Amino acid sequence: MEYRQITEGSTTFAAPVQDQNTAFPPGTAPVFYNTRMELNRDMTVLLLSCISPENYLDAMAATGVRGLRIAHETGTPAIINDRDPLAVAIIEKNAKTIGGNIRVTCDDANRLMCTERFDAIDLDPFGTPAPFLDAASRAAKRYLFVTATDTAPLCGAHLKAGMRRYFATPKNTEYHAEIGLRIMMGTIAKELIKYDRGMEPILSFAKNHYFRSHVRILGRVTAAETTMNHIGFVMQCPKCLYRTEQKGSLLPQTHICPYCGAETEAIGPLWMGPLQDKPIIASLLEKLPAMQLGTAKQMDKLLHQLLAEPETCTFYDYHIISRNLRVSPPPIDEMITDLTNLGYPTVRTHFAVTGIKTTAPLHIIEEWILSWNKERNL
Ligand SMILES: C[S@@+](CC[C@H](N)C(=O)[O-])C[C@H]1O[C@@H](n2cnc3c(N)ncnc32)[C@H](O)[C@@H]1O
Ligand SMILES: [Zn+2]
């Protein structure tokens, strides 16, 4: 196998050569490595440098880049696993060069997690993490980190696959990115709750083609009950943009849309609690400049957005609202300032460039967009 040397953060490791002239170079090498996941890995390195778990399982490691970086850049003892012997040969080669407190294993992730427990577990599978969440919910002592790249099933574009994997009904709305993340997190919560364990999200976000969540696990029945109260449904009007949130219930209740009288449709069950531990996000922002991370600039922007976002479960797309009203979309910054000054805190959201998270009800946003257009005779 032909290798190339790659540096991420302060770690240099070997990965198989890929054919860069194809649409998806990672698919052309015998062991997977995707440069587009660097920010995902950088975030976990930054987080682990703050929370310092006793040890860290990289359950599906491929080249081992994630676990190698955690061991090298944060000093956390790492267990790096893959079921593919070819991947394990590369991990061993890399571990030998890099050094540090690393144990390499070649096992099925579920089997490994059924025989041993770890302080922090990271699931980074091809596509859905669903088949690994049961074992991980028992094997993780304090932290569980999950990536899902099956965005089409989670967002409602492949409805039946989403229902099968996550036992939830997604819907392809304008805020589908947030729905996808929250359905994935609702599934993590459900797997923990059945073992009388609860969760508190620390750092969660949606990016390009994946969802990522880092959660703290709490091993008490009361925590499981609190976690269950964060499960619920978004009730979406099928005819207009109205939606409402229904928390703490495993059964959706019918709502009538106050705008058009249609019966709302249930999206979920999904996680309706906080997505972030804001004090930790603030400390990550403080620590970021001192770290040597390749995506620091994008991370800084994303972390600031996550810090500012209020804990609503959906957002509005002001371009879609404007299109429905048949008027021009206003400048986003002016709208944010005016709605906030009217008493409705409003911010941009990391989920979509034309998205706003606001406490303003739909009719207030519509009225503001209409008056902005009227003032300019548009
Ligand atoms: C998306 S790649 C991991 C990428 C890696 N974490 C990174 O950051 O570059 C998924 C890996 O999971 C491994 N895998 C798939 N099913 C597995 C299982 N049941 N147990 C252990 N490893 C598995 C595959 O061999 C593959 O190397
Ligand atoms: Zn309606």
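Source: prediction; values computed, not measured.

Within the protein chain, the regular secondary structure consists of 14 helices and 15 strands. For the protein chain, whose C-alpha radius of gyration is 22 Å, the value lies close to the compact-globule estimate of 21 Å for 378 residues. Dimensions of the protein chain, computed from C-alpha atoms along their principal axes, come out at roughly 65 × 45 × 40 Å. Put simply, the protein chain has 378 residues, and 55% of those count as buried. Excluding contacts between residues fewer than 6 apart, the proportion of contacts in the protein chain whose partners are at least 24 apart in sequence is 61%. On the protein chain, roughly 16100 Å² of surface is accessible, and the fraction owed to carbon and sulfur atoms is 52%.

Using the criterion set out here, one finds one cavity of 30 Å³ or more in the structure. Of the pockets and cavities examined, the largest cavity occupies roughly 40 Å³. Lining the largest cavity are Leu-275, Gln-276, Leu-306, Glu-309, Pro-310, Glu-311 and Lys-357. Of the residues assigned to the lining of the largest cavity, the class counts are three nonpolar, one polar and three charged.

As annotated by UniProt and renumbered to match this structure, "binding site: Zn(2+)" (unreviewed entry) occupies Cys-237, Cys-240, Cys-257 and Cys-260. In summary, the annotated positions, though distributed over 24 residues, converge in three dimensions, the widest C-alpha pair being only 8.5 Å. Structurally, Cys-257 can be placed in the loop between strand 11 (243-247) and strand 12 (265-271). If near-sequence neighbours (up to four positions away) are discounted, Cys-257 is found in contact with Cys-237, Cys-240, Tyr-242, Ala-262 and Thr-264. Looking at the secondary structure, you find Cys-260 in the loop between strand 11 and strand 12. Those residues within four positions of Cys-260 in sequence are excluded, and the remaining contacts are Cys-237, Lys-239 and Cys-240.

Our focus in this paragraph is the domain arrangement of the protein chain. Under the domain assignment used here, the protein chain contains domain 1 (3-308) and domain 2 (316-375). Centre-to-centre separation of domain 1 and domain 2, based on C-alpha positions: 31 Å. Of the residues lining the interface, 15 residues belong to domain 1; the matching set on domain 2 comes to 14 residues. Between domain 1 and domain 2 the total buried area reaches about 1200 Å² when both faces are included, carbon and sulfur atoms providing 66% of it.

As summarised here, the arrangement of the three strands in space is 11-10-12, forming an open sheet in which the pairing is antiparallel. Across the chains shown, the open sheet's two edge strands, defined by having one partner strand only, are strand 11 and strand 12. The sheet shows a mean angle of 25° between the axes of neighbouring strands, taken without regard to direction. Packed onto the sheet, helix 8 (residues 176-193) meets strand 10 (231-236) and strand 12 and runs at close to 55° relative to strand 12.

In this section: the sheet that holds strand 3 (residues 56-58). Here we have seven strands laid out as an open sheet, ordered 5-4-3-6-7-9-8, and mixed in their pairing. At either end of the open sheet lies a strand with only one pairing partner, and these are strand 5 (102-105) and strand 8 (198-207). Averaged over all pairs of adjacent strands, the angle between strand axes in this sheet comes to 15°, irrespective of strand direction. Bridge count for strand 6 (residues 118-123) against strand 7 (residues 140-148) is five bridges, and the pairing is parallel. Bridged to Leu-123 within strand 7 is Val-146.

Before going further, it helps to examine the packing of helix 1 (residues 38-51) against helix 10 (residues 278-287). Put simply, helix 1 and helix 10 touch, their axes get as near as 10 Å, and they point 105° apart. One way to sum up the angle between helix 1 and helix 10 is to call them roughly perpendicular. Of helix 10, the residues touching helix 1 (which contributes Leu-46, Leu-47, Ser-49, Cys-50 and Ile-51) are Ile-280, Ser-283, Leu-284 and Lys-287. Within the contact of helix 1 with helix 10, the residues separate by chemical class into six nonpolar, two polar and one charged.

On to helix 14 (residues 362-375), then. With 14 residues, helix 14 should cover 20 Å at 1.5 Å per step; its first-to-last C-alpha distance of 20 Å lies within 8% of that length. Considered for burial, the residues of helix 14 that qualify are Leu-362, Ile-364, Ile-365, Trp-368, Ile-369, Trp-372 and Asn-373. Just downstream of helix 14 lies Asn-377, where phi reads positive at about 50°.

Time to look at the environment of Pro-129. With respect to the helices, strands and loops of the structure, Pro-129 is situated in the loop between strand 6 and helix 5 (130-139). A sequence separation of 37 residues divides Pro-129 from Tyr-166, and the C-alpha atoms of the two residues are 9.7 Å apart. Not counting residues within four places of it along the chain, the set of residues in contact with Pro-129 comprises Val-146, Thr-147, Ala-148, Asp-150 and Tyr-166.

To continue, consider the layout of surface pockets. Estimates place the volume of the largest pocket at around 700 Å³. Counted by class, the lining of the largest pocket contains 17 nonpolar, six polar and ten charged residues.

A few words now on the UniProt feature "binding site: S-adenosyl-L-methionine" (unreviewed entry) in the protein chain. Within the UniProt annotation, "binding site: S-adenosyl-L-methionine" (unreviewed entry) is assigned to Arg-41, Arg-66, Asp-82, Asp-108 and Ala-109. Lining the largest pocket, out of the annotated residues just given, are Arg-41, Arg-66, Asp-82, Asp-108 and Ala-109. Relative to the helices and strands, Arg-66 is located in helix 2 (residues 65-74). Accessibility expressed as a relative area gives 3% for Arg-66, which makes it buried. Discounting residues that sit within four places of it in the chain, Arg-66 has contacts with Asn-40, Arg-41, Thr-44, Tyr-56, Asp-58, Asp-122, Asp-124, Thr-147 and Arg-212. Structurally, Ala-109 is set in helix 4 (residues 109-115). If sequence neighbours within four positions are ignored, Ala-109 has contacts with Ala-59, Met-60, Asn-81 and Phe-132.

Parameters and conventions
Residues numbered from 1 in each chain as written. Chains lettered and ligands numbered in written order. Predicted model: local features only at pLDDT ≥ 70, side-chain atom pairs only at ≥ 80, totals over all residues. Heavy atoms only, no water. Helix = DSSP H or I, 4+ residues; strand = E, 2+ residues; numbered from the N terminus. Rg over C-alpha atoms; globule rule 2.2 N^0.38 Å. Buried < 20%, exposed > 50% of the residue type's maximum accessible area, 1.4 Å probe, protein only. Contact = heavy atoms within 4.5 Å. Areas by Shrake-Rupley, 256 points an atom, 1.4 Å probe, with all protein chains shown as cover. 1 Å grid on protein atoms, 1.4 Å probe; cavity = no way out; pocket = protein on both sides within 12 Å on 5 of 7 lines; lining within 4 Å. Points joined across faces, edges and corners; volume = space filled by probe spheres on them. Nonpolar A, V, L, I, M, F, W, Y, C, P; charged D, E, K, R; others polar. UniProt positions renumbered as here; feature names shortened; annotations may be inferred. Domains from an automatic or database assignment. Buried area = accessible area lost by both parts, 1.4 Å probe. Pairing = 2+ DSSP bridges. Axes fitted to C-alpha atoms, helices over the stretch in contact; angles between N-to-C directions. Parallel < 35°, antiparallel > 145°, perpendicular 65-115°, else oblique. Expected span 1.5 Å × (residues − 1).

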